[in-house]
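# Geometric and topological summary
Residue-level listing of the chains:
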Amino acid sequence: MKGWNLSSDETFLIVGFSDLPQLRFTLFVAFLLIYLLTVVGNILIMATIYSNSHLHTPMYFFLTNLSFIDISYTSVIFPVMLGHFFLEGTLVTLTECLVQMYFFIVMLSTEVVFLTVMAYDRFVAICNPLRYLTIMNKAVCIQLAAVSWTVGLVDALPHTIAVYTLSFCESHIIDHFFCDVTAMMKISCTSTHGIEILTYILGALLTMMSFVLIIISYINIVTSILKIKSVGGRFKSFSTCASHLTVVVLFYGSLASTYMRPTSTFSIKANKISSLVYIALTPMCNPIIYSLKNTEFKNAVKKRNK
């Protein structure tokens, strides 16, 4: 096939899990349930927070944003992915592929920043409890949310533009369940070295810096908790951070295993599995984690159900 450029708006075939025809129905049901649980669970989180005035605090304001992000980026992927099981792959144009890629990266990058903001919120709450509401006032919360969304919108642009410039000679078959940057680089016939470097740099600047800030926040949090004399006080303070910390470990672990490695070690199957963790498992587990590990939220749910 003669070399052609992505700007020609050609058609791509996303094969999804078509290499597992014997598991087609099982996987369809499993992913449909995961998607429904994710959407319903996060909507319940948002509804509970909205309907309970006791939860109108900075922490739950950020949690509402996190739930909205989880619903959004799973909705960018799952409806198309579910169609793979009936069509044995999905045909998409370049425009459709880039739109899906852009909004997915927007949500992913925004979640990275929001998890950092939530760590800072817990740091202020535990290390400066008397000044918490003064520091984390409504204006500050809105500004932090605006910055998080802006970073996501801007960070997605270079990734999307970089993929737009790729050329393909032999294959336009995307062996993934969505238009993933690494999968697109894998089938390009031109050098992707520059794009790979760009991906790592942007990943390091955003993901690693956010992770470092989270670590710093929790070092200070643990230090403050250890100064509390009563065991009950320590447990209560730590319980307010346990859910967020669990989500951070699950999210960053799967994200790092997927993107922070050279394309020379790229494995299609491993990439699909690790992608499913942060695309499917994490958003589905977030409502469960926050409802089970957060006493204040559990009490609010009980009152709402009475």
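Residues numbered from 1 in each chain as written. Predicted model: local features only at pLDDT ≥ 70, side-chain atom pairs only at ≥ 80, totals over all residues. Heavy atoms only, no water.

## Things to note about the overall build of the protein
To be explicit about the condition: Put simply, DSSP marks the helices as runs of H or I at least four residues long and the strands as runs of E at least two long, and each gets a number from the N terminus on. Two residues form a contact once any of their heavy atoms are found within 4.5 Å. The Shrake-Rupley method, run with a 1.4 Å probe, gives the accessible areas here. Residue values count only the displayed protein chains as cover.
When its secondary structure is counted, the protein shows ten helices and five strands. Considering only intrachain contacts with a sequence separation of at least 6, the fraction spanning at least 24 residues in the protein is 81%. When the accessible surface of the protein is split by element, carbon and sulfur atoms take 71% of a total near 14600 Å².

## Thoughts on the layout of surface pockets
The test is simple: Think of a 1 Å grid over the protein atoms and nothing else: a 1.4 Å probe that fits but is trapped marks a cavity, an open set flanked by protein within 12 Å on at least five of seven lines marks a pocket, and residues with an atom within 4 Å of a point count as lining. Grid points are joined across faces, edges and corners, and a volume is the space filled by probe spheres set on the points.
Considered as a void within the structure, the second largest pocket measures approximately 280 Å³ in volume. When contributions to the lining of the second largest pocket are tallied by element, the ones reaching two or more residues are α1 (24-51), α2 (58-87) and α5 (138-164). When residues of the lining of the second largest pocket are assigned to their parent elements, the largest contribution, four residues, is made by α2.

## Concerning the nonpolar core
This is how it is decided: In plain words, nonpolar cores are sets of buried Ala, Val, Leu, Ile, Met, Phe, Trp, Tyr and Cys residues tied together by side-chain atoms within 4.5 Å. Exposure is judged per residue with a 1.4 Å probe applied to protein chains only, and the accessible area is read against the type maximum: over 50% gives exposed, under 20% gives buried, and values in between give partly exposed.
The biggest cluster of nonpolar side chains holds 84 residues, and the ones touching the most others in it are Phe31, Phe104, Ile174, Phe251 and Ile279. In this view, Ile279 contacts Tyr73, Thr74, Ile77, Phe78, Phe104, Phe177 and Phe178; residues no more than four positions away in its chain are not counted.

## Describing the pairing of strand β2 (residues 11-14)
In plain terms, the rule: Any two strands are treated as partners once DSSP identifies two or more bridges connecting them.
Judged by which residues are buried, β2 turns out to be one-sided: Phe12 and Ile14 face inward and are buried, whereas Thr11 and Leu13, on the alternate face, are not. Pairing between β2 and strand β3 (residues 90-93): four bridges, direction antiparallel. Bridge pairing links Thr11 to Thr93 in β3. For β2 and strand β5 (residues 173-174), the ladder comprises two bridges, and the chain directions are parallel. When the sheet's bridge partners are listed, Leu13 is paired in β5 with Ile173.

## Re the sheet that holds β5
Keep this limit in mind: Helix axes are fitted to C-alpha atoms over the stretch in contact, other axes to C-alpha atoms as well, and angles between N-to-C directions run from 0 to 180 degrees.
Judged by pairing direction, the sheet is mixed, and its three strands sit side by side in the order β3-β2-β5 without closing on themselves. Of all the strands in the sheet, just β3 and β5 have a single pairing partner and so form its edges. This element, helix α3 (residues 94-127), spans β2, β3 and β5 of the sheet and lies at about 90° to β3.

## Comments concerning α3
Put simply, the test is: Multiplying one less than the number of residues by 1.5 Å gives the expected span of a helix.
Between the first and last C-alpha of α3 there are 49 Å, a value that for 34 residues agrees with the 50 Å anticipated at 1.5 Å per step. Most of α3 is tucked away, with 27 of its 34 residues classed as buried.

## Quick notes on the state of the cysteines
Let me state the cut-off plainly: When the sulfur atoms of two cysteines come within 2.5 Å, that pair is taken as a disulfide.
Counting across every chain of the model gives one disulfide. A sulfur-sulfur distance of 1.9 Å marks the disulfide that ties Cys97 to Cys179. The chirality of the disulfide connecting Cys97 with Cys179 is left-handed, given an S-S dihedral of about -125°. On the criterion of sequence distance, the pair formed by Cys97 in helix α3 and Cys179 in the loop between β5 and α6 (181-186) is long-range, its members being 82 residues apart. Since its relative accessible area comes to 1%, Cys97 is described here as buried. With no disulfide of its own, Cys241 lies 8.7 Å from the sulfur of Cys127, the closest cysteine sulfur.

## Focus: the packing of α3 against α5
Spelled out, the test is: If you view the pair so one helix is near and one far, a crossing is left-handed when the near helix is turned anticlockwise from the far one by less than a right angle, and right-handed when it is turned clockwise.
Contact pair α3 / α5: the axes reach a minimum separation of 7 Å and the direction vectors enclose 145°. As for the relative orientation of α3 and α5, their crossing is right-handed in sense.

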